[in-house]
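Summary of structural features
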Amino acid sequence: IAVLTLLVGALYAGPEQLVHRPLPPGQETIVAVIEYLFPVWPFLFAFAGAVLCCAAYCRRGLAVTHGLVVAAWGFYGLCLILAPIRSVPPSPILVGVIAMGIAAINFTAARLWSALGVK
């Protein structure tokens, strides 16, 4: 999960054609609008992935760190799911559902680490 999060951050830091598809004027997704204001996605995913890697390596703070990753993926997924509201015709929400699924997996991992007594 940490490596996937780091990979998404790296893709957003790379060439724009790897993460964006051309849309008609006025049909920008919420993710693109947020990124236009500040390139938050590379920083958010790189930070969340790096912190999760460190926590997994040290075996400390895993539940809290997974909470951070849940927030990052949840925010991203919510933006992707809400984006079709602005598009005509509505665009697919598959990637948003995948992002929310990754957030749910991280939430479950945090609960599992807590149940195993790893703080």
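Residues numbered from 1 in each chain as written. Predicted model: local features only at pLDDT ≥ 70, side-chain atom pairs only at ≥ 80, totals over all residues. Heavy atoms only, no water.

1. Some thoughts on the overall build of the protein
Helices and strands together make up the secondary structure of the protein, namely five helices and zero strands. With 119 residues in all, the protein has 32% of them scored as buried. Counting only carbon and sulfur atoms, one obtains 75% of the accessible surface of the protein, whose full area is about 7,300 Å². (Helix = DSSP H or I, 4+ residues; strand = E, 2+ residues; numbered from the N terminus. Buried < 20%, exposed > 50% of the residue type's maximum accessible area, 1.4 Å probe, protein only. Areas by Shrake-Rupley, 256 points an atom, 1.4 Å probe, with all protein chains shown as cover.)

2. Notes on the confidence of the model for the protein
For the protein, mean pLDDT is 84; residues scoring 70 or higher make up 87% of the total. The least confident element of the protein, judged by mean pLDDT, is helix 2 (residues 30-37) at 80; the most confident is helix 3 (residues 40-58) at 93. (pLDDT = per-residue confidence, 0-100.)

3. Quick word on the packing of helix 1 (residues 2-13) against helix 4 (residues 62-82)
Between two packed helices, what matters for the description is the angle formed by their axes and the separation of those axes. Relative to each other, helix 1 and helix 4 sit at 45°, their axes nearing to 12 Å. If you check the angle between helix 1 and helix 4, you find them oblique. Between helix 1 and helix 4 the crossing geometry is left-handed. Facing helix 1, whose interface residues are Leu 4, Thr 5, Val 8 and Tyr 12, helix 4 presents Val 69, Trp 73 and Tyr 76. Its residues assigned to classes, the contact of helix 1 with helix 4 shows six nonpolar, one polar and no charged. (Axes fitted to C-alpha atoms, helices over the stretch in contact; angles between N-to-C directions. Parallel < 35°, antiparallel > 145°, perpendicular 65-115°, else oblique. Left-handed = near helix turned anticlockwise from the far one by under 90°. Contact = heavy atoms within 4.5 Å. Nonpolar A, V, L, I, M, F, W, Y, C, P; charged D, E, K, R; others polar.)

4. Concerning the side chain of Asn 106
Note on placement: Asn 106 falls in helix 5 (residues 94-115). A distance of 2.9 Å separates the side chain of Asn 106 from the backbone oxygen of Ile 102, its partner in a polar contact. Ignoring any residue separated from it by four or fewer positions in sequence, one finds Asn 106 in contact with Ile 1, Leu 52, His 66, Val 69, Val 70 and Trp 73. (Polar contact = N/O pair within 3.5 Å; in protein donor to acceptor, adjacent residues only side chain to side chain.)

5. So, the nonpolar core
Soluble globular proteins: nonpolar side chains tend toward being buried together. Tyr 12, Val 31, Trp 41, Phe 45, Trp 73 and Tyr 76 are the most contacted members of the largest nonpolar core, which has 20 residues in total. Mapped onto this core, the elements with two or more residues apiece are helix 1, helix 3, helix 4 and helix 5. If you tally residues by element for this core, the top one is helix 4, at seven residues. Here Phe 45 is in contact with Thr 5, Leu 6, Val 8, Gly 9, Ala 72, Trp 73 and Tyr 76, once residues within four sequence places are set aside. (Core = buried A, V, L, I, M, F, W, Y, C linked by side-chain atoms within 4.5 Å.)

6. A few points about the packing of helix 4 against helix 5
Following both chains from N to C, one finds helix 4 and helix 5 inclined at 165°, their axes separated by 8 Å at the closest point. As summarised for this structure, helix 4 and helix 5 are arranged roughly antiparallel, according to the angle between their axes. The crossing of helix 4 and helix 5 is left-handed. Residues of the contact of helix 4 with helix 5, tallied by class, amount to 19 nonpolar, six polar and no charged.

7. Observations regarding the packing of aromatic side chains
Applying the stated criterion across every chain, the model contains nine aromatic pairs. Each residue in the set Tyr 12, Trp 41, Phe 45, Trp 73, Phe 75 and Tyr 76 is aromatic and connected to the rest through ring pairs, giving one cluster. (Phe/Tyr/Trp six-rings, centres within 6.5 Å; stacked < 30°, edge-to-face > 60°.)

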